[in-house]
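Structural overview
Here is how the chains run, residue by residue.
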Amino acid sequence: MNFRHGDREEPEINLIPFIDILLVVLIFLMLTTTFSQSTALQVNLPVADAEQPPQPPAEVVVTVGADGRYAVDDRLLEQHGVEALMSALRGAATARRDPILVIQADAAASHQSVINVMDAARQVGLTQITFSTQRGEGR
């Protein structure tokens with residue numbers, strides 16, 4: 001039996017607490033993603049004023065052209081293989097004490113050409129290798 005006669009109230013869902021929780025979660029996500037991006041991108045590099053050594057180190061300079069040709073100490077090599085590089089590097093390194101190999105590769109030179117120079121240097125016994133670059137336009 002139904003003893004109640006009258007207006008029945010419809011149940012309602014209150015959305016205000018739900019919206020408050022969503023806004024708090026949104027603010028939390030915005031803050032955490034902002035911090036993770038800014039820390040991953042900013043790098044402050046140290047500055048050093050080093051003095052030049054009194055005597056410059058002995059260098060063997062290998063130039064790699066864009067077409068894959070090599071020059072060791074400004075002498076153009078006729079052959080392009082690792083064997084020719086090894087003999088040229090061996091001849092240049094015997095005249096110097098603990099030489100540093102400086103690779104001057106053209107920006108358009110193939111990666112394999114530079115790897116050939118590094119492989120020949122390893123086989124000859126040159127362990128100190130550096131690359132020569134030029135300063136950017138903005139500096």
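Residues numbered from 1 in each chain as written. Predicted model: local features only at pLDDT ≥ 70, side-chain atom pairs only at ≥ 80, totals over all residues. Heavy atoms only, no water.

Any two side chains of opposite charge can pair, on the condition that their charged atoms come close. A complete count under the given rule lists three salt bridges for this structure. Residue aspartate 67 is joined to arginine 69 by a salt bridge in which the shortest nitrogen-to-oxygen separation is 2.8 Å. Judged by its relative accessible area of 53%, aspartate 67 falls in the exposed class. Here aspartate 73 ties to arginine 96 by a salt bridge, and the two come within 3.1 Å at their closest N and O atoms. Of the two residues, aspartate 73 is situated in the loop between strand S2 (70-72) and strand S3 (75-76) and arginine 96 in the loop between helix H2 (82-94) and strand S4 (100-105); the sequence distance between them amounts to 23 residues. (Salt bridge = Lys/Arg side-chain N within 4 Å of Asp/Glu carboxyl O. Buried < 20%, exposed > 50% of the residue type's maximum accessible area, 1.4 Å probe, protein only. Helix = DSSP H or I, 4+ residues; strand = E, 2+ residues; numbered from the N terminus.)

The next subject is the side chain of asparagine 116. Mapping asparagine 116 onto the fold places it in helix H3 (residues 111-124). Of note is the side chain of asparagine 116, whose polar atom sits 3.4 Å from the side chain of tyrosine 70. If sequence neighbours within four positions are ignored, asparagine 116 has contacts with Tyr70, Val82 and Leu85. (Polar contact = N/O pair within 3.5 Å; in protein donor to acceptor, adjacent residues only side chain to side chain. Contact = heavy atoms within 4.5 Å.)

This part takes up unusual backbone geometry. The phi angle at aspartate 73 is positive, at roughly 50°, despite the residue not being glycine. Judged by its relative accessible area of 23%, aspartate 73 is partly exposed. With phi around 45°, aspartate 98 is a residue other than glycine that occupies positive phi space. The topology assignment puts aspartate 98 in the loop between H2 and S4.

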